[in-house]
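Secondary and tertiary structure notes
Here's the letter readout for the chains.
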Amino acid sequence: MSSRDLILGRVRRALADVRQDDTPPVPEGPGRDPRYEQAVQRDYLREHGALSAAERVELLAENLADYRAIVHRTDADGLADVVAGLLRAHGSKTVLVPPGLRREWLSGTDLTRVPDRGESTAHELDRVDSVVTACALAIAETGTIVLDGSPDQGRRRITLVPDHHICVVRVPEQVVSSVPQALELLDPTRPLTWISGPSATSDIELDRVEGVHGPRTLEVVLVTGGGGQG
Amino acid sequence: MSGTFVGMPAFPEAAHEAVHNTTLRGNLRHATHTIRAKRANAVAEVSDWAALREAGKQIKDHTLRHLDRYLVQLEESVTAAGGTVHWAADADEANRIVTYLVKATGESEVVKVKSMATQEIGLNEALEAEGIRAYETDLAELIVQLGNDRPSHILVPAIHRNRGEIRDIFAREMSEWGRPAPEGLTDTPAELAEAARLHLREKFLRAKVGVSGANFMVAETGTLVVVESEGNGRMCLTLPETLISVVGIEKIVPTWRDLEVFLQTLPRSSTAERMNPYTSTWTGTTDDDGPQTFHLVLIDNGRTDTLADEVGRQALRCIRCSACLNVCPVYERAGGHAYGSVYPGPIGAILSPQLRGTGSEIDSSLPYASSLCGACYEVCPVAIDIPEVLVHLRERVAQGGPVTERGGKVVLKPAKGHAAERAAMRAARWAFSHPGALRAGQRLASRTRRFHPRTLPGPGRAWSASRDLPALPPEPFRDWWQRTNGGRTDGGREGTK
């Protein structure tokens, strides 16, 4: 007997005492099944407090900052200058650029641009100073930005290996209040990276230290009037 | 489950040693109290905590009731997304599969994300025996690995170490494993973290094979989820060419939407954060992004035996947040090593004896490693009634009875050490049904009380080794009642006027 059959057989025998008229499982295939909805009582909140769009953006900024992300605000016209200023202040000489990033976001800087290419080695990425990306959405209640690998965000590793990540969030349109609202909008078939502040550890006497393996500096630029898709 | 630490004594002896280690107690007290207070704040921030907890419990219970169905669904969805699914009935089989998969890549080293499942099966040791080096990349796991030590906490495996001890381990051991610690390393957490960053980065950048566990697996989509803080998880999940994830079969949730519950309760319960710094999800493989080969190894290793127990199966709801450890007065004093398993604390006391069976001395002692104060149940984000399962397992240890082992029904004999307890209970039953004998016995006991020893002789010695004997009153209650007419004539103190 294969281990697969062995394990499934053991599971079925173990469940012999469970009543047959029990709640039905989720059916195979896509879509919501009303029968599974009955199986679990979901009387928790979809969001904590009904926030206005402006309040949502405020809460996002506050929670990001609480986790030591550096938050900047600007409008569409000022964005190129803000990004250029951040790169300059960090002393960067090279910047990683996802293929679909809006060209005007980097129009204020003449740094060497390193394209996000499949064939780049990890060592090559390690030599790049900064990376600039867009995001899929941001979650106000938890202070989280989510990247889904779209062309304006690039491969997962480009926001991981360089030590300085600048992420542009279009507000208020890309900001949701809560985790349940975020999951509803995200596509599970894409690889997702949820980021709440820079890399951190609390493994030494539970003292929080920022920056272990991921980027040590996370700068989030909240931009109003950022327009449509990146 | 083969994860018993070799030569581990039963819990009372191990704990007896640990409580005399003042450094350990100091480190632990500081750590558990810090995180306990933070967690209470993080939980208080969400007004619907009770509803989230109940939903989490229901999702997990529902999943366990239909586990066969969801396992098959998960296998289909992972395969459809480009992954390969393997099934392992026990630790040995899981280790054989992973070793085979690593060897097939031609590599002799792997980078690892912190994972309870791979610790449980002893994967690092199994790989080492086959000439494959496994590098732990979580900072705390690195401290444990370099210190040739054992983890003592689910979330913070090196919680028993303070900064001075960590500095010494880094300075002494890093050069054995790769890049040495910087000259003049001090014991500030920032410097220690920096030393770990440099040491591990060279390993991440050259790694071809990553090994991980998973916090959740979504049956409907085939998605795996890892939550972490440092970014070492992201490194292992995205830089290598091959990713091997080793996950217990109970880690399934049915739908993508179900994550909305656990991504709210897990971070707040474990690290007391609104959200952990990094959460990664992946569904099979993605062209040109991350590992192009993905293997999922599903392990049973005692989980189906646990599922067969109507009371004990709730332990499989556990999402490994470790909140129960941080509130437990026994854990705080005894430390994680005393539990003799990768799962310490209250959850370990019910999980280990179920996964491994109660055959060994350590496993039969674990259900007693608790004061039954109930704090663990209060904080559990999936409402596992740990005290209920502890009492249930105590009964099993003391009285024996039918259980499932490796999928088959067996009848356990009562554990050896409990003969005296059973004899005492039989004697008590006889005495209480013979009032004359009880009265005579009580009088005798009261009148000889000056001569009573502080500990029990003979088979009772074990019981009184960790307890004080109750003092006997000078007069049995029944005699007092008779003499004073129920307190009405007792020297006028309680008398009627």
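Small disclaimer: the values here were computed from a predicted structure and weren't measured.

Rules used in this analysis
- Residues numbered from 1 in each chain as written.
- Chains lettered and ligands numbered in written order.
- Predicted model: local features only at pLDDT ≥ 70, side-chain atom pairs only at ≥ 80, totals over all residues.
- Heavy atoms only, no water.
- 1 Å grid on protein atoms, 1.4 Å probe; cavity = no way out; pocket = protein on both sides within 12 Å on 5 of 7 lines; lining within 4 Å.
- Points joined across faces, edges and corners; volume = space filled by probe spheres on them.
- Helix = DSSP H or I, 4+ residues; strand = E, 2+ residues; numbered from the N terminus.
- Salt bridge = Lys/Arg side-chain N within 4 Å of Asp/Glu carboxyl O.
- Buried < 20%, exposed > 50% of the residue type's maximum accessible area, 1.4 Å probe, protein only.
- Expected span 1.5 Å × (residues − 1).
- Pairing = 2+ DSSP bridges.
- Axes fitted to C-alpha atoms, helices over the stretch in contact; angles between N-to-C directions.
- Contact = heavy atoms within 4.5 Å.
- Parallel < 35°, antiparallel > 145°, perpendicular 65-115°, else oblique.
- Left-handed = near helix turned anticlockwise from the far one by under 90°.
- UniProt positions renumbered as here; feature names shortened; annotations may be inferred.

1. Considerations on the layout of surface pockets
In this structure, the largest pocket occupies an estimated 1,700 Å³ of space. Top contributing element to the lining of the largest pocket by residue count: helix α20 (residues 419-432) of chain B, with eight residues.

2. As for the pattern of salt bridges
Here the idea is simple: oppositely charged side chains can pair when their charged atoms come close. Counting across every chain of the model gives 49 salt bridges over all chains. Ionic pairing is found between Glu205 of chain A and Arg163 of chain B, a salt bridge with its closest N-O pair at 3.2 Å. Placement of Glu205 of chain A in the loop between β10 (200-204) and β11 (207-210) and of Arg163 of chain B in helix α9 (residues 163-177) is noted, with the two residues assigned to different chains. Residue class for Arg163 of chain B comes out partly exposed when judged on its relative accessible area of 23%. Several salt bridges converge on common partners, so that one network encompasses Arg42, Arg46 and Glu184 of chain A together with Arg257, Asp258 and Glu260 of chain B.

3. As for helix α3 (residues 49-65) of chain B
In this model α3 of chain B runs 24 Å from its N-terminal to its C-terminal C-alpha over 17 residues, within 8% of the 24 Å that 1.5 Å per residue would give. Across the 17 residues of α3 of chain B, 13 count as buried, placing the element largely inside the fold.

4. Quick word on the sheet that holds strand β1 (residues 70-75) of chain A
Residue and element names in this part refer to chain A. In spatial order, the strands read β1-β12-β7-β4-β2-β3; together these six strands make up an open sheet with parallel pairing. Unpaired on one side and paired on the other, β1 and β3 (112-115) mark the two borders of the sheet. Neighbour-to-neighbour, the strand axes of the sheet open up by a mean angle of 25°, direction not taken into account. Along the sheet face, helix α3 (residues 53-66) touches β1, β7 (164-171) and β12 (217-224) and points at about 150° away from the line of β1.

5. Focus: the packing of α3 of chain B against helix α12 (residues 259-270) of chain B
Residue and element names in this part refer to chain B. It is at 10 Å that the axes of α3 and α12 come closest, and there the two elements cross at 115°. In terms of orientation, α3 and α12 fall into the roughly perpendicular class. In the packing of α3 onto α12, the handedness of the crossing is left-handed. For the pair formed by α3 and α12, the contact residues are Trp49, Leu52, Ala55, Gly56, Ile59 and Lys60 on the first element and Val261, Phe262, Gln264, Thr265, Arg268 and Ser269 on the second.

6. Side note on the pairing of strand β12 (residues 408-412) of chain B
Residue and element names in this part refer to chain B. The pairing of strand β11 (residues 401-405) with β12 spans five bridges and is antiparallel. Residue pairing across strands places Thr404 opposite Lys409, the latter belonging to β12. Hairpin connection of β11 to β12: two residues between the antiparallel strands, including Arg406 at a positive phi of 50°.

7. Re the UniProt feature "domain: LUD" (unreviewed entry) in chain B
Mapped onto this numbering, the UniProt entry annotates "domain: LUD" (unreviewed entry) at residues 73-299 of chain B. End C-alpha to end C-alpha, residues 73-299 of chain B measures 16 Å, and it is 42% helix and 21% strand.

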